[in-house]
Amino acid sequence: MPRRLSKQISFTSLSSALATPSALTSQIPPSLTDPTLPLPKLIVFDLDYTLWPFWVDTHVTPPLKPDAAHSLATDRHGEEYAFYPDVPQILRLLPRAVPDSSAPIKLGVASRTHAPGLARDLLKMLHVPPAQEGDRPRKALDAFDAGTEIYPGSKIRHVEALQRRTGVAFDDILFFDDESRNQETEGLGITMRLVRDGVCWAEIEKGVDDWRRRRGFGRGGV
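Per an unreviewed UniProt entry, the protein goes by the name Magnesium-dependent phosphatase-1 family protein and belongs to Metarhizium album.

*Asks:* Sorry if this is basic, but what is going on with unusual backbone geometry here?
*Replies:* Most peptide bonds adopt trans geometry, and most residues besides glycine take a negative phi value. Put simply, proline 62 and proline 63 share a cis peptide bond, and its omega is 5°. Backbone geometry at tyrosine 49 places phi at a positive 55°, although glycine is not the residue there. On the secondary structure map, tyrosine 49 appears in the loop between β1 (42-45) and β2 (65-66). Backbone geometry at histidine 70 places phi at a positive 55°, although glycine is not the residue there. Among the secondary structure elements, histidine 70 is positioned in the loop between β2 and β3 (73-74).

*Asks:* Please explain helix α4 (residues 116-125) as it appears in this structure.
*Replies:* For an α-helix, 3.6 residues make a turn, and residues three or four places apart therefore share a direction. Buried within α4 we find Leu118, Ala119, Leu122, Leu123 and Met125. One side of α4 carries all its buried residues, which in axial view fall inside an arc of 165°. Residues of α4 that are buried sit in contact with β2, β3, β6 (127-128), β7 (138-139) and β8 (147-150).

*Asks:* What exactly am I supposed to notice about the nonpolar core here?
*Replies:* Side chains of a nonpolar character, in soluble globular proteins, are inclined to be buried together. Residues Phe45, Trp52, Phe83, Leu91, Leu94, Leu123 and Ile204 are the most contacted members of the largest nonpolar core, which totals 48 residues. Where this core is concerned, the elements lending two or more residues are β1, α3 (87-93), β5 (106-111), α4, β9 (173-177) and α6 (201-214). No other element matches α4, which puts five residues into this core. Dropping the residues within four chain positions of it, tryptophan 52 is found in contact with Leu47, Ala82, Phe83, Tyr84, Ala119, Leu122, Leu123 and Leu126. In terms of nonpolar packing, the next biggest core, distinct from the first, is built from 12 residues, Val159, Val168, Ile190 and Met192 among them.

*Asks:* Explain the pattern of salt bridges to me, please; I cannot follow it from the model alone.
*Replies:* It is possible for side chains of opposite charge to pair when their charged atoms get near one another. Summed over all chains, the structure comprises 10 salt bridges. With a shortest N-O distance of 3.8 Å, aspartate 172 and lysine 41 are connected by a salt bridge. Of this pair, aspartate 172 sits in the loop between α5 (155-166) and β9 while lysine 41 is found in the loop between α2 (21-27) and β1, placing the two residues 131 residues apart along the sequence. Aspartate 172 gets classed as buried once you look at its relative accessible area, which sits at 10%.

*Asks:* What is the right way to look at the pairing of β1 in this model?
*Replies:* Put simply, side chains in a regular strand alternate between the two faces of the sheet. Of the two faces of β1, the one carrying Leu42 and Val44 and the one carrying Ile43 and Phe45 are both buried. Of the strand pairs in this sheet, β1 and β5 are connected by four bridges, and their pairing is parallel. The residue bridging isoleucine 43 from the neighbouring strand is leucine 107, located in β5. Note: β1 against β9, four bridges, orientation parallel. Each bridged residue has a counterpart across the sheet, and for valine 44 the counterpart in β9 is phenylalanine 175.

*Asks:* Explain the packing of aromatic side chains here, please?
*Replies:* Aromatic rings in a pair are described by how distant their centres are and how their planes are angled relative to each other. This structure, assessed with the given rule, holds five aromatic pairs. Both rings, one in phenylalanine 45 and one in phenylalanine 176, keep their centres 5.5 Å apart while their planes meet at 15°; by these two values the pair is stacked. Of this pair, phenylalanine 45 sits in strand β1 while phenylalanine 176 sits in strand β9, placing them 131 residues apart in sequence. On the accessibility criterion, phenylalanine 45 (0% relative accessible area) is buried.

*Asks:* What is the right way to look at the pairing of β5 in this model?
*Replies:* Counting buried positions along β5 gives five out of six residues, so the element sits mostly inside the fold. Here β5 pairs with β8 via four bridges, running parallel. Residue glycine 108 lies in a different strand from β8, and its bridge partner there is glycine 147.

*Asks:* Sorry if this is basic, but what is going on with the side chain of serine 111 here?
*Replies:* Examined against the element boundaries, serine 111 turns out to sit in strand β5. Apart from the residues within four sequence positions on either side, serine 111 is in contact with Asp46, Leu47, Glu149, Ile150, Tyr151, Lys155 and His158.

Here is what the cut-offs are and how they apply
Residues numbered from 1 in each chain as written. Predicted model: local features only at pLDDT ≥ 70, side-chain atom pairs only at ≥ 80, totals over all residues. Heavy atoms only, no water. Helix = DSSP H or I, 4+ residues; strand = E, 2+ residues; numbered from the N terminus. Buried < 20%, exposed > 50% of the residue type's maximum accessible area, 1.4 Å probe, protein only. Arc of directions from axis to C-beta. Contact = heavy atoms within 4.5 Å. Core = buried A, V, L, I, M, F, W, Y, C linked by side-chain atoms within 4.5 Å. Salt bridge = Lys/Arg side-chain N within 4 Å of Asp/Glu carboxyl O. Pairing = 2+ DSSP bridges. Phe/Tyr/Trp six-rings, centres within 6.5 Å; stacked < 30°, edge-to-face > 60°.

Here it is in structure tokens:
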């Protein structure tokens, strides 16, 4: 049986924390908001053991039912499934890390799961906290404005499809995945960050640092 998550995101506490622009900025690590350093234009995420701690095609038994807050979903056996704790905030705040004069960072998904429909259902049931007080939380699926490539096969195909859709150059793409075999995608010119315990703010920082180093930048300048 899949392991249950020990922590869940509270949408009530997050809603109040995200009510003002200053609160939004304070949630993002300072290294990601340094105006002297570049950021990727497209950040792509795997799903299983990257955004959530399970394999959706082998651990989850449909049908799924969300809780009232849409912070987790329960399957036929009563098992609970949710994102890693930092993920809702990351999906909400990461596009806002760019300077005001820049276009928001685009987000995408590249997953080779054999249960694409179930993965999409879960992305619809799990919600991202609201932008500001008075707004409604939105489906996590809607946070991925670059699109979702969810089907078996080489991640090269997934990344190529996202690049074509967005027009973002390969060297402006950062990809987070938990499987070392998917480092083959770096042959396209992207940067891949291999994560071992899921995506969190610390992994986002490390991934951006990796991407900057490949571009000849580091904290503090060229």
